[in-house]
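Coordinates in review
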Amino acid sequence: MKILFLGDVMGRAGRRAITENLARLRRDWKLDFVVVNGENATGGMGLSGAHAKTLLDAGADCLTLGDHAFDQKDMLSFIEQEPRVIRPLNFSKNAPGKGAKLFTAQNGKKVLVTQALGQVFMKRPFDDPFSALGPVLKTHPLGGMAQAIIVDMHCEATSEKMAMGHWCDGRASLVVGTHTHVPTADAMILPGGTAYLSDAGMCGDYHSVIGMDKAEPLRRFITGMPRERFTPANGEATLSGVYIETDDRTGRATRIVPVREGGALQTSTP
């Protein structure tokens, strides 16, 4: 299979990059399945139902969220109606929606998508992501019920992301980090056949401070005092993420390529 994972969509600029480019990428790269992290698509904080629909209509097969999953209150009800939106497994035992789902790709093959939140340096205490993911991976053995398995590890610490990658090695097709908005240079295939990248980066304007207009973050760093709310930067966005190819029989990755297209970052495509 040919799978594309795109990192955190940041505000209007990120949404625009998705709507203007994803259909073309699906066609040109002959993609079988596309996952988009929509965590910051609405004003940089969460995802609204309307913007989720925009990203799905643009060509995403599945949207993942993160620690801002329910910052937009209508997502509490929208996620119950739209099974293509996945919230973190370990967000809360009472959270609506699901943290894992087995999808049928356009070619008829099965793809499991799941997401977990890390614990290190996160503002809120979340349950152990390893314990949350364990039963899901046990129930869906790679190469069995699922031809491909994608794990979105949404957290701050690269060490925690790397630990999750090694822990999932041989049990997932891809473990990819989200949340920090900066693409890393460590794309690799682990010994057990799991493709790994510490952070997919963001789909947003990189002439910014992790996607936010520079003025207010700079003021706070320099003066220690807030004046205004953070607002997403709205220049040309870079689509950032990762492309993998998998063996249908085993589910293991055979190729991994970082993706960066448009905007300020150096281009990288399959």
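Below or above, wherever it landed, is the structure these notes cover. (Residues numbered from 1 in each chain as written. Predicted model: local features only at pLDDT ≥ 70, side-chain atom pairs only at ≥ 80, totals over all residues. Heavy atoms only, no water.)

Within the chain, the regular secondary structure consists of six helices and 14 strands. The C-alpha radius of gyration of the chain comes to 17 Å, within 12% of the 18 Å expected for a compact globule of 270 residues. The principal-axis extents of the C-alpha atoms in the chain amount to approximately 55 × 40 × 35 Å. Residue burial in the chain is summarised as follows: out of 270 residues, 57% are buried. (Helix = DSSP H or I, 4+ residues; strand = E, 2+ residues; numbered from the N terminus. Rg over C-alpha atoms; globule rule 2.2 N^0.38 Å. Buried < 20%, exposed > 50% of the residue type's maximum accessible area, 1.4 Å probe, protein only.)

Note on placement: H154 falls in strand β8 (residues 148-154). Within the structure, the side chain of H154 is placed 3.2 Å from the side chain of H179, a separation counted as a polar contact. (Polar contact = N/O pair within 3.5 Å; in protein donor to acceptor, adjacent residues only side chain to side chain.)

Over its 18 residues, helix α1 (residues 11-28) runs 26 Å from end to end, which matches the ideal 26 Å to within 8%, given 1.5 Å per residue. When α1 is considered as a whole, its buried residues turn out to be G11, A13, G14, R15, A17, I18, L22, L25 and R26. Immediately downstream of α1, the backbone of K30 shows phi near 55 degrees, a positive value. (Expected span 1.5 Å × (residues − 1).)

Strand order across the open sheet formed by six strands is β6-β7-β8-β9-β11-β10, with mixed pairing between neighbours. Each having just a single partner strand, β6 (100-104) and β10 (188-189) make up the two edges of the open sheet. Sitting on the sheet, helix α4 (residues 129-139) is in contact with β6, β7 (110-117) and β8, with an inclination near 165 degrees to β7. Across the face of the sheet, helix α5 (residues 158-168) comes into contact with β8, β9 (174-178) and β11 (195-197) while running at roughly 170 degrees to β9. (Pairing = 2+ DSSP bridges. Contact = heavy atoms within 4.5 Å. Axes fitted to C-alpha atoms, helices over the stretch in contact; angles between N-to-C directions.)

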